[in-house]
Amino acid sequence: TLDEKKNADYRDYYKKVFVHIGVPTLVFSIAYFLYSILKGLLKIKNGGTIIALVNVVKLTITGNPFYHMWYLYMIVGLYLSVPFIIRMKNTIGEERFKKAAYLLGGVSFISLWSSTHTINWDPGFSFCYLGYFIFGYIIRKNTSIEKRGIKALGFIISGIFLLVLAGYFRYVQELKK
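This structure is a prediction, so every number in the text was calculated from the model and none was measured.

## Details of the overall build of the chain
Looking only at helices and strands, one finds 8 helices and 0 strands in the chain. Beginning at the N terminus, the succession of helices and strands in the chain can be written as α-α-α-α-α-α-α-α. Counting every position in the chain, which comprises 177 residues, the buried fraction comes to 30%. As displayed, the chain has an accessible area near 11,800 Å², and 70% of this comes from carbon and sulfur atoms.

Structure, rendered in structure tokens:
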């Protein structure tokens, strides 16, 4: 995505993102909202309270109509920044962009570790993943096919280590609530 020059054009890129990401996000949000409403109505029918329906509306408004939908809301925010990232990359050059990716990777790690976001479509939540997104581009761009095996293995092991570390910090953070 970041190495396609045509993605720097806002109008065409946003149209493409809307069709490929926005529409499915909207469709699945509506589907899961309706599913959750039906589930809430069944709870009320079986002696539950109206709170079940209030929780469904609250979760939908905060961008969490179902537990796995956080990703679609986050990716919409992330993809909205792509034309800006491409223009920045073209302005500062590949080497500076690479250095910025390392810096953003660290910031992303710290942001996710310390984040207390409550809304999945919050731009700050998408920003937490910006470093990882750019880092993926840097890894793909800077590993040749011949050397991809060893370098890729190093990146994968490093990534798994950081993922486990971030998961641990997130777990500890949740325990403190």
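## Here we look at the layout of surface pockets
Empty space among the atoms becomes visible once a probe the size of a water molecule is rolled across them. The space that makes up the largest pocket amounts to roughly 590 Å³. Residue lining of the largest pocket: 18 residues in total, with Tyr132, Phe135, Ser158, Gly159 and Leu162 positioned closest to the centre. Contributions of two or more residues to the lining of the largest pocket are made by helix H5 (94–114), helix H7 (130–141) and helix H8 (148–175). It is H8 that provides the largest number of residues to the lining of the largest pocket, a total of 8 residues. Each residue belonging to the lining of the largest pocket can be placed in one class, and the counts come to 12 nonpolar, 6 polar and no charged.

## Let's talk about the confidence of the model for the chain
Across the chain, the average pLDDT comes to 81, with 90% of residues at or above 70. Helix H6 (residues 123–128) is the least confidently modelled element of the chain, averaging 75 in pLDDT, while helix H4 (residues 82–92) averages 92, the highest of any element.

## Looking at the environment of Ala8
Position of Ala8 among the secondary structure elements: in the segment before helix H1 (10–45). Accessibility expressed as a relative area gives 11% for Ala8, which makes it buried. Taking C-alpha positions, Ala8 is 5.8 Å from Ile86, a pair spaced 78 residues apart along the chain. Other than its neighbours up to four places away in sequence, Ala8 contacts Pro83, Ile86 and Arg87.

## Overview of the packing of H1 against helix H3 (residues 70–80)
The contact between H1 and H3 brings their axes to 10 Å, and the two run at 165°. With respect to each other, H1 and H3 are oriented roughly antiparallel. Crossing angle aside, the handedness with which H1 passes H3 is left-handed. Of H3, the residues touching H1 (which contributes Tyr13, Tyr14, Val17, Ile21, Thr25 and Ser29) are Leu72, Tyr73, Ile75, Val76, Tyr79 and Leu80. Of the residues belonging to the contact of H1 with H3, the class tally is 10 nonpolar, 2 polar and no charged.

## Here's the deal with the nonpolar core
Here is a general trend for soluble globular proteins: nonpolar side chains tend to be buried in one another's company. Judged by nonpolar contacts, the single largest core of 23 residues is most densely connected at Leu2, Tyr79, Val82, Ile85, Phe97, Phe133 and Ile134. Among the secondary structure elements, those contributing two or more residues to this core are H1, H3, H4, H5, H6 and H7. Considering every element that reaches this core, the biggest residue donor is H7, with 5 residues. Among all residues touching Leu2, those that are not within four sequence positions of it are Val82, Ile85, Ile86, Lys89, Phe97, Phe133, Ile134 and Tyr137.

## Focus: the pattern of salt bridges
The tally for this structure, following the rule as stated, stands at 2 salt bridges. Glu4 is paired through a salt bridge with Lys16; the nearest N and O atoms lie 4.0 Å apart. Here Lys16 lies in helix H1 and Glu4 lies in the segment before H1, a separation of 12 residues in the sequence. Taking relative accessible area as the criterion, Glu4 reaches 33% and is therefore assigned partly exposed. Its relative accessible area of 32% is what places Lys16 among the partly exposed residues.

Rules behind the numbers
Residues numbered from 1 in each chain as written. Predicted model: local features only at pLDDT ≥ 70, side-chain atom pairs only at ≥ 80, totals over all residues. Heavy atoms only, no water. Helix = DSSP H or I, 4+ residues; strand = E, 2+ residues; numbered from the N terminus. Buried < 20%, exposed > 50% of the residue type's maximum accessible area, 1.4 Å probe, protein only. Areas by Shrake-Rupley, 256 points an atom, 1.4 Å probe, with all protein chains shown as cover. 1 Å grid on protein atoms, 1.4 Å probe; cavity = no way out; pocket = protein on both sides within 12 Å on 5 of 7 lines; lining within 4 Å. Points joined across faces, edges and corners; volume = space filled by probe spheres on them. Nonpolar A, V, L, I, M, F, W, Y, C, P; charged D, E, K, R; others polar. pLDDT = per-residue confidence, 0-100. Contact = heavy atoms within 4.5 Å. Axes fitted to C-alpha atoms, helices over the stretch in contact; angles between N-to-C directions. Parallel < 35°, antiparallel > 145°, perpendicular 65-115°, else oblique. Left-handed = near helix turned anticlockwise from the far one by under 90°. Core = buried A, V, L, I, M, F, W, Y, C linked by side-chain atoms within 4.5 Å. Salt bridge = Lys/Arg side-chain N within 4 Å of Asp/Glu carboxyl O.

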